Amino acid sequence: MQFAIHAGAAFTDEGRLLRSLQVNGDLLTQNGVAVFGPRRFRQVFKPAFQALNTRPPLPDEVESIRSNLPIQPWVKRAIFVSEDFIGEKDVVLSDGQFYPFAGKRLSVLEESFGDCQLELFLALRNPGSFIPKHLMSLPEQAREGVIRNNDISHLSWVRMIEDILDFAPGVQITLWCNEDIPLIWGDVVRSVGGLSSDVPIKDEYDLLISLLTEEGQAEAQAVLNQEATLSRTEIRDTLSDVLENHAQPEKMEEELNLPGWSDEIIDAFSELYEQDLTKLETMAGVKVLKP
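Residues numbered from 1 in each chain as written. Predicted model: local features only at pLDDT ≥ 70, side-chain atom pairs only at ≥ 80, totals over all residues. Heavy atoms only, no water.

So, about the pattern of salt bridges. In total, this model carries nine salt bridges according to the counting rule given. Between Glu-254 and Arg-125 there is a salt bridge, with its nearest N and O atoms 2.3 Å apart. Linking Glu-254 in the loop between helix 13 (249-252) and helix 14 (263-280) with Arg-125 in the loop between strand 6 (117-124) and helix 6 (127-137), this pair joins segments that are 129 residues apart in sequence. Linking Asp-187 and Arg-236 is a salt bridge whose minimum nitrogen-to-oxygen distance equals 2.8 Å. Of this pair, Asp-187 sits in helix 9 (residues 181-193) while Arg-236 sits in helix 12 (residues 232-246), placing them 49 residues apart in sequence. (Salt bridge = Lys/Arg side-chain N within 4 Å of Asp/Glu carboxyl O. Helix = DSSP H or I, 4+ residues; strand = E, 2+ residues; numbered from the N terminus.)

Turning our attention to the environment of Glu-119. Along the chain, Glu-119 turns up in strand 6. When its relative accessible area of 8% is taken as the criterion, Glu-119 is described as buried. Apart from the residues within four sequence positions on either side, Glu-119 is in contact with Gln-2, Phe-3, Ala-4, Ile-5, Arg-77, Val-171 and Gln-172. (Buried < 20%, exposed > 50% of the residue type's maximum accessible area, 1.4 Å probe, protein only. Contact = heavy atoms within 4.5 Å.)

To continue, consider the environment of Arg-148. Its location among the elements puts Arg-148 in helix 7 (residues 140-149). Here Arg-148 falls in the exposed class, since its relative accessible area comes to 63%. Taking the C-alpha atoms as reference points, Arg-148 and His-6, separated by 142 residues in sequence, lie 31 Å from one another.

Before going further, it helps to examine helix 9. Residue pairs spaced three or four apart in an α-helix point in one direction, given the helix's 3.6 residues per turn. A maximum bend of about 35 degrees is found in helix 9 at Asp-187. By the criterion of burial, helix 9 is predominantly enclosed, with 13 of the 13 residues buried. Directly after helix 9, the chain includes Gly-194, whose backbone phi takes a positive value near 70 degrees. (Bend = angle between axes of the 7 residues up to and from the residue.)

Before going further, it helps to spend a moment on the packing of aromatic side chains. Taken as a whole, this structure holds 14 aromatic pairs when the rule is applied. Ring centres of Trp-261 and Phe-269 lie 5.7 Å apart, and the angle between their planes is 15 degrees; on these two criteria the pair is classed as stacked. Trp-261 gets classed as buried once you look at its relative accessible area, which sits at 15%. Judged by relative accessible area, Phe-269 falls into the buried class, the value being 5%. In this structure, Arg-16 packs its charged tip against the face of Trp-185, placed 5.9 Å from the ring centre. (Phe/Tyr/Trp six-rings, centres within 6.5 Å; stacked < 30°, edge-to-face > 60°. Lys NZ or Arg CZ within 6 Å of the ring centre and 35° of its normal.)

Here we take up unusual backbone geometry. Looking along the chain, the bond that leaves Gly-8 and enters Ala-9 is cis, with omega of 0 degrees. Position of Ala-9 among the secondary structure elements: in the loop between strand 1 (2-6) and helix 1 (16-23). Its identity as a non-glycine residue notwithstanding, Glu-14 has a phi of 55 degrees, on the positive side. Examined against the element boundaries, Glu-14 turns out to sit in the loop between strand 1 and helix 1. Glu-14 sits in the exposed class, given a relative accessible area of 67%.

Here the focus is the nonpolar core. Judged by nonpolar contacts, the single largest core of 61 residues is most densely connected at Phe-45, Tyr-99 and Ile-161. Each residue touching Ile-161, except ones within four places of it in the same chain, is listed here: Leu-122, Ile-173, Leu-175, Leu-280, Met-283 and Val-286. In this structure, Leu-17, Trp-185, Ile-209 and Leu-211 belong to the second largest nonpolar core, which totals 35 residues. (Core = buried A, V, L, I, M, F, W, Y, C linked by side-chain atoms within 4.5 Å.)

Keep in mind these numbers describe shape, not what the thing actually does.
Structure, rendered in structure tokens:
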């Protein structure tokens, strides 16, 4: 049995992956894959995770995770989707890092499903936009507390991934950049679904097309009409050019309203983000999906 967890991160998905998995539900079912949304997280996993605030989970709590999952005999791969798996909103940024409880939570999952293949899937986002998005989503008092109690200037994704691998060394981690999603959406869905790389899926380029002007959409559709004669690399390279030339600026650029968050700060985090990605690509147990 394979257990695949898609856990966000926050501000990267907005339910898109779950919808895409559901759209491709017949294909997944044919391949022995079952999909469970956030409700299953709240019912089964959250109570055990809450215990981590004060103590390790008890054996009966771990057993309850297994016994309360309605996995049918035909299921070879179970996918669970909820960004709360690695931390709810109030702990996305605390203790000087992103998702400080992610490692402990994955250790509970590894203990619960030690006889299964456990996989974690995460989209990362440039901290230069992730941090202000998170801070502005909090009430003012909570936001001030996070800023006061954390050194925001040194936040990166590497420490979170290292924690997960330390606490749950058996987990296989697949990452991708939120900024690349329009071009690699099909790869993301296939990877989470445990499907082979050549399996066609529905809605593979819908997101990319939604970002284009009318002229760009026409060009993109003309490219997709040649799928039978073009390789996937050729299609992706051509669509990348279309996106660069015909993207709607208002859909590609995001206004960050955190006071004092300047272009210089964003540039500094962008450089750190690139360094993080370079390091993550070399880490054992980690796979990074790229265009």
